[in-house]
Amino acid sequence: MKKRKGNMPAVTAHVLLMILALFCVLPIALLMISSLSDNDTVFRSGYSFLPGKWSLDAYKYLITQGETIFRAYGISIFVTVTGTAAGLLFTALFGYALSRRELPGRRVMNFFVFFTLLFNGGMVPTYLMYVNTFHIKNTLWALLIPTNILINGFNILLARTFFEANVPRELIESGKIDGAGEFPVFFRIVMPISKPILATVGLLIGIGYWNDWYNGLLYITQPKLFSLQNYLNRILLDIQFMTQSMSGNVDAASALAKMPTITVRMAIAVTGIVPLIVIFPFFQKYFARGITVGAIKG
Amino acid sequence: MKRKGRTIKKLLPLYIMALPGLLYLFINNYLPLSGLVVAFKNFDYAKGIYHSDWIGFKNFEFLFKNSAAVVITRNTILYNLAFIAINTVTGIVVAILLNEVTSRKALKFYQTVILLPYLFSMIIISYLVFSFLSTDVGFLNKSILEPLGKAPVSWYNEAKYWPAILPVVNTWKSFGFQAIIFYASVISIDQSYYEAAQLDGAGKLQQIFYITLSFLKPVVIMMTLLAVGKIFYSDFGLFYQVTQNSGAIFSTTNTIDTYVYRALTQMGDVGMAAAAGVYQSAVGFLLVLAVNMAVRKISPENALF
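For the structure given in this document, a descriptive report is provided here. Here the residue index of a chain counts from 1 through its sequence in written order. Lettering of chains starts at A and numbering of ligands starts at 1, both following the order in which they are written. Two thresholds apply to this predicted model, a pLDDT of at least 70 for residue-level local features and 80 or more for giving and counting side-chain atom pairs, whereas whole-chain, interface and lining totals are computed over all residues. Just so you know, side-chain values use all the structure's heavy atoms and leave hydrogens and water out.

**Examining the overall build of chain B**
- For the purposes of this entry, the term helix denotes a DSSP run of H or I that reaches at least four residues, the term strand denotes a run of E that reaches at least two, and both are numbered from the N terminus. Within chain B, the secondary structure is distributed over 15 helices and 2 strands.
- Its C-alpha atoms give chain B a radius of gyration of 25 Å, more than 25% over the compact-globule value 19 Å for 305 residues.
- Each of the three principal axes of chain B carries a C-alpha extent, and together these read 85 × 75 × 35 Å.
- Here, residues are in contact when the closest pair of their heavy atoms is within 4.5 Å. Looking at chain B alone, contacts between residues at least 24 apart form 63% of all its contacts between residues at least 6 apart.
- Surface accessibility follows the Shrake-Rupley procedure with a 1.4 Å probe radius. Residue values consider only the protein chains on display as shielding. Within the structure as shown, chain B displays about 14500 Å² of accessible surface, and the carbon and sulfur contribution to it stands at 66%. For this measure, only C-alpha atoms enter the radius of gyration; the expected value for a globule follows 2.2 Å times N^0.38, where N is the number of residues.

This is the structure in structure tokens:
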């Protein structure tokens, strides 16, 4: 009797958390099930958790007609890989320099970084600068550079805090006694012992790039430069665009008739989230650490 | 003096390490600040920001004469207040629930699942919302309203539903994130407090109320103040993408951020867009200063600057 009473809070917690987990998962499930449903059935009875008829048509169509999608996928992968590699390197280097207490001007640089978190010029001046001064409209740079995905103050401060707490001075000194310069010390001694922060920051930057649609919305108008997110963005509002871009011919009406439009859209969206769902369980620990340290430290 | 010069030379590699980051932040975050002057100009693409003619506060006059100014300010603030309240309460409740789970495997499972929505882009979330709200094939109309014999609702054209829809979507996306932050504080509470309370005969709810909540108080206050500092900013994706930029529902979905974007790209009114942006930045900055003063009073070690 006493034991059961002791378990009550835990049981209640499990029940409530399972309900919340369902709340999180159900919309994702509806998306996935929709992409695996028969197009005509969905047309008649709507997106449903229990479709009358299952079908792989949407994915078959994607594989055979999906040149535009593959291109968008390729752009997203390229931007994510390049951007994450560069961003992680620059963030770690900057954070490390700021963690070195003997560096003159460190306080000023810290404030320089911190201020970017409080105040910025906003959409209009930033847009005008990138478009009129740097001419990045409709270039791949537009997907890589603006909006602080590459380097942001939050990640820099996160990295700095980690290096301050976890890289002992003596280790750096001993590296230098052996005659190594600052760069070799950083790459050969500091980086290998800093894997947790590199994983955290890399994950934050990587998710940022993979999910970004804002840069594309502002700076990309040519469909051939669309990332997966921008492509998805476009076809949610404009299904004609999908049939035209996929069939590549003028006869969009007949293509529309053949194409499982209602389910294909969902299938494309699924391809956008599968990579995240697959890798996330392995990185969840780093992600959770990143957001908790960051949020509490401000 | 000479010695200082030598130190700097010796530390030169560290400055080189900082350089790409410094340069990036300078260009992306500082350079546009000078462009804020465009709010006080009659912007002409041919002349560029700096050579367009000055017109003083005309852009601001236009902005505030427009009834949209009131609507976007109201929407931005009210939605933020709702989000802060809901996220704080759900975050605390879920953090406390997580704390009751002892199995490591179960804990990891719950944490992963509730963080999952936070990983998705607003575009993907727009798809999820669309699968429920689509007029023709949406789950709500087809699988719930139709079997009940009710007429389908044109969700994307009915402004009155969105003050309920948007908080649900926002909560779905962010409650896990909020919970994980609070949970980090909950697990740092010394177990001996609970043991002592148990010895004194305190029940579970009493323990939660007197120990957990009182330890969470500083984090909750901090997070709330930070959110209040951002009350003039809205999640552009939530209000622009999830609503599918539908004009019929602007009265309950237009915020300062979506207004700036539309003024810039759809109305082509750069001056007014910039004025709205400056209004947002200026008030936002004052709020951050005010919040920081408040934090300094409550817990100086958490002050931002």
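From this point, the discussion proceeds with the structure in view.
**Some points on the environment of Asp200(B)**
- Positionally, Asp200(B) belongs in the loop between α10 (191–199) and α11 (204–229).
- According to the relative accessible area criterion, Asp200(B) is exposed, its value standing at 69%. Buried means the residue's accessible area, taken with a 1.4 Å probe over protein chains only, is under 20% of the maximum for its type, while exposed means over 50%, and partly exposed covers the values in between.

**A word on the pattern of salt bridges**
- Should a side-chain nitrogen of Lys or Arg be within 4 Å of a carboxyl oxygen of Asp or Glu, the pair is scored as a salt bridge. In total, this model carries 9 salt bridges over all chains according to the counting rule given.
- With a shortest N-O distance of 3.7 Å, Lys142(B) and Glu146(B) are connected by a salt bridge.
- Judged by its relative accessible area of 47%, Glu146(B) is partly exposed.
- Where salt bridges share partners, they join Arg100(A), Glu102(A), Arg169(A), Lys176(A) and Glu182(A) into one cluster.

**Things to note about the side chain of Asn148(A)**
- For Asn148(A), the location among the structural elements is in the loop between α7 (141–144) and α8 (153–166).
- Polar contacts, as counted here, are pairs of nitrogen or oxygen atoms within 3.5 Å of one another; within protein the pair requires one atom able to donate a hydrogen and one able to accept it, and residues that are adjacent in sequence qualify only if both atoms are side-chain atoms. Polar contacts involving the side chain of Asn148(A) include one to the main-chain carbonyl oxygen of Ile151(A), which spans 3.1 Å.
- The residues contacting Asn148(A), other than those within four sequence positions of it, are Tyr24(B), Leu25(B), Asn28(B) and Asn29(B).

**Brief notes about the interface of chain A and chain B**
- With 93 residues of chain A in contact, the opposing surface of chain B contributes 87 residues.
- Buried area adds together the accessible area that both of two parts lose upon being put together, with accessible area traced by a 1.4 Å probe. Summed over both partners, the interface of chain A with chain B comes to about 8500 Å²; 80% of that surface belongs to carbon and sulfur atoms.
- Remark: the boundary between chain A and chain B carries 0 salt bridges.
- Its residues assigned to classes, the side of chain A that touches chain B shows 72 nonpolar, 16 polar and 5 charged. Each residue gets one label: Ala, Val, Leu, Ile, Met, Phe, Trp, Tyr, Cys and Pro are nonpolar, Asp, Glu, Lys and Arg are charged, and the others, such as Gly, are polar.

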